[in-house]
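# Reading the structure
Below, each chain spelled out in residue letters.
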Amino acid sequence: MCPQKIALLTDSCADLAPAVAEENHIYVVPLRILCADGEYSDGVDICGTDIYQRLRAGELPQTSLPAGEQIEKLLRQIVMDGYDGVIAVMLSGGLSGTYNLVRLIAEECRGMLPIRVFDSVSGSLGMGMTLLQAAEDIRNGMGWEELTERRIPQLIAGSHPYFSVDTLEYLQKGGRIGKVTATAGTLLQIKPIITFAADGQLQSIAKGR
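Everything numeric here is computed off the predicted structure, so don't read it as measured data.

## Section: the sheet that holds strand 3 (residues 32–35)
Here three strands make up an open sheet; going across it, the order is 4-3-5 and the pairing antiparallel. Of all the strands in the sheet, the pair left with one neighbour each is strand 4 (38–41) and strand 5 (62–64). On average, adjacent strands in this sheet sit at an angle of 30 degrees to one another, irrespective of strand direction. Where strand 3 and strand 5 come together, three bridges link them in antiparallel fashion. Paired with Ile33 across the bridge in strand 5 is Thr63.

Structure (structure tokens):
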């Protein structure tokens, strides 16, 4: 039997404001941020402004997967809230193991309620727009099978986010690009435009300043 009341699940990399997530019945599991003074939950007790301040001070916070117990707790909350199906759209598997972790937990929780987990092959704006469109489709009456078999894959395939950064320093320190590439980009004053490759990893389209 196909679920009739469908919730959406994502991680904090979707960058959805709490009010927007709540309005659209989107449940958000925070990634963990590992800092010099301890561990924080992204969007809960640390935000982008805090991280930028730490970067400017010379610290390099590291991201880590959400705790499995936290994901299971959120799924139980979804059941308690009256939903009988979950569609999860997670951060690109090429950048994080979050998608795979949620997929594995979904298999373990299969008896709790139907869960379909999707790799967004994207992040931030790409994830957020996919989720908000899916929420609108649910409000308009689109069913589980149509959403999971056609609509969500279609939205993911049609999302092509692009963004730029002022410096290659943190991409290099975070292991997203090599040291030689970062050094060459700095010397040549290249400001890259970043997008996602087919495998979900970042790729740059360089532009000189």
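## As for the packing of helix 3 (residues 68–80) against helix 4 (residues 98–108)
Relative to each other, helix 3 and helix 4 sit at 55 degrees, their axes nearing to 10 Å. As judged from the angle between their axes, helix 3 and helix 4 are oblique. Remark: the crossing between helix 3 and helix 4 carries right-handed chirality. Every residue of helix 4 that contacts helix 3 at Gly68, Ile71, Glu72 and Leu75 is listed here: Leu101, Val102, Ile105 and Glu108.

## Side note on the environment of Leu74
One can find Leu74 in helix 3. By relative accessible area, which is 17% here, Leu74 ends up buried. Sequence spacing of Leu74 and Val29 is 45 residues, and the spatial spacing of their C-alpha atoms is 7.5 Å.

## Focus: the pairing of strand 6 (residues 85–90)
The buried fraction of strand 6 is high, at six of six residues. Burial along strand 6 is two-sided: Gly85, Ile87 and Val89 and Val86, Ala88 and Met90, pointing in opposite directions, are all buried. Both strand 1 (residues 6–11) and strand 6 contribute to a ladder of four bridges, which runs parallel. Bridging from a neighbouring strand, Ile6 pairs with Gly85 of strand 6. Two elements, strand 6 and strand 7 (residues 115–119), share five bridges in a ladder whose sense is parallel. Among the inter-strand pairings, Val89 is bridged to a residue of strand 7, identified as Phe118. As for the winding sense of the linkage, the β-α-β connection from strand 6 through helix 4 to strand 7 is right-handed.

## Description of the confidence of the model for the chain
Here the chain averages 85 in pLDDT, while 85% of its residues score no lower than 70. Note that residues 178–182 has pLDDT below 50 and, in this model, six contacts with residues that lie over four places away or in other chains.

## Quick notes on the pattern of salt bridges
In this structure the tally under the stated criterion is seven salt bridges. Arg54 is the partner of Asp37 in a salt bridge, and the nearest nitrogen-oxygen pair spans 3.2 Å. Of this pair, Asp37 sits in the loop between strand 3 and strand 4 while Arg54 sits in helix 2 (residues 48–56), placing them 17 residues apart in sequence. Put simply, Glu146 and Arg150 hold a salt bridge, and the shortest N to O gap is 2.3 Å. Of this pair, Glu146 and Arg150 both sit in helix 6 (residues 144–157), four residues apart, which is roughly one turn of the helix. Residue Glu146 is classed as partly exposed on the basis of its relative accessible area of 33%. Residue Arg150 is classed as partly exposed on the basis of its relative accessible area of 37%. Sharing partners across several salt bridges, the network here consists of Asp37, Arg54 and Glu59.

## Notes on the sheet that holds strand 6
Strands sit in the order 2-1-6-7 across an open sheet of four strands; the sheet is parallel. Among the strands making up the open sheet, the edge pair consists of strand 2 (26–29) and strand 7. Pairwise comparison of adjacent strand axes, ignoring direction, gives a mean angle of 20 degrees for this sheet. Contacts between helix 3 and the sheet are confined to strand 1, strand 2, strand 6 and strand 7, with strand 2 contributing the most and set at about 165 degrees to the helix. Where helix 4 meets the sheet, its contacts fall on strand 1, strand 6 and strand 7, and the angle it forms with strand 7 comes to roughly 165 degrees.

Parameters and conventions
- The written sequence of each chain sets the order in which its residues are numbered from 1.
- In view of the model being predicted, local features appear only for residues whose pLDDT reaches at least 70, and side-chain atom pairs are presented and counted only at 80 or more, with totals across whole chains, interfaces and linings using the full set of residues.
- Just so you know, side-chain values use all the structure's heavy atoms and leave hydrogens and water out.
- We call two strands paired when DSSP finds no fewer than two bridges between them.
- Only DSSP runs of H or I covering at least 4 residues are called helices, and only runs of E covering at least 2 are called strands; the numbering of each starts at the N terminus.
- Lines fitted to the C-alpha atoms define the axes, with helices restricted to the stretch that makes contact. Angles between their N-to-C directions range from 0 to 180 degrees.
- Each angle gets one of four labels, with under 35 degrees taken as roughly parallel, over 145 as roughly antiparallel, 65 to 115 as roughly perpendicular, and the rest as oblique.
- Throughout, a crossing is termed right-handed when the near helix is turned clockwise from the far one, and left-handed when it is turned anticlockwise from it by less than a right angle.
- Contacts are assigned to residue pairs that have any heavy atoms within 4.5 Å of one another.
- The rule is simple: take the accessible area with a 1.4 Å probe, protein chains only, and divide by the maximum for that residue type; under 20% is buried, over 50% is exposed, in between is partly exposed.
- Clockwise travel from the first strand over the helix to the second, with the strands pointing away from the viewer, marks a crossover as right-handed.
- Each residue carries a pLDDT score, the predictor's own confidence in it, on a scale running from 0 to 100.
- Here, a salt bridge means any side-chain nitrogen of Lys or Arg that lies within 4 Å of a carboxyl oxygen of Asp or Glu.

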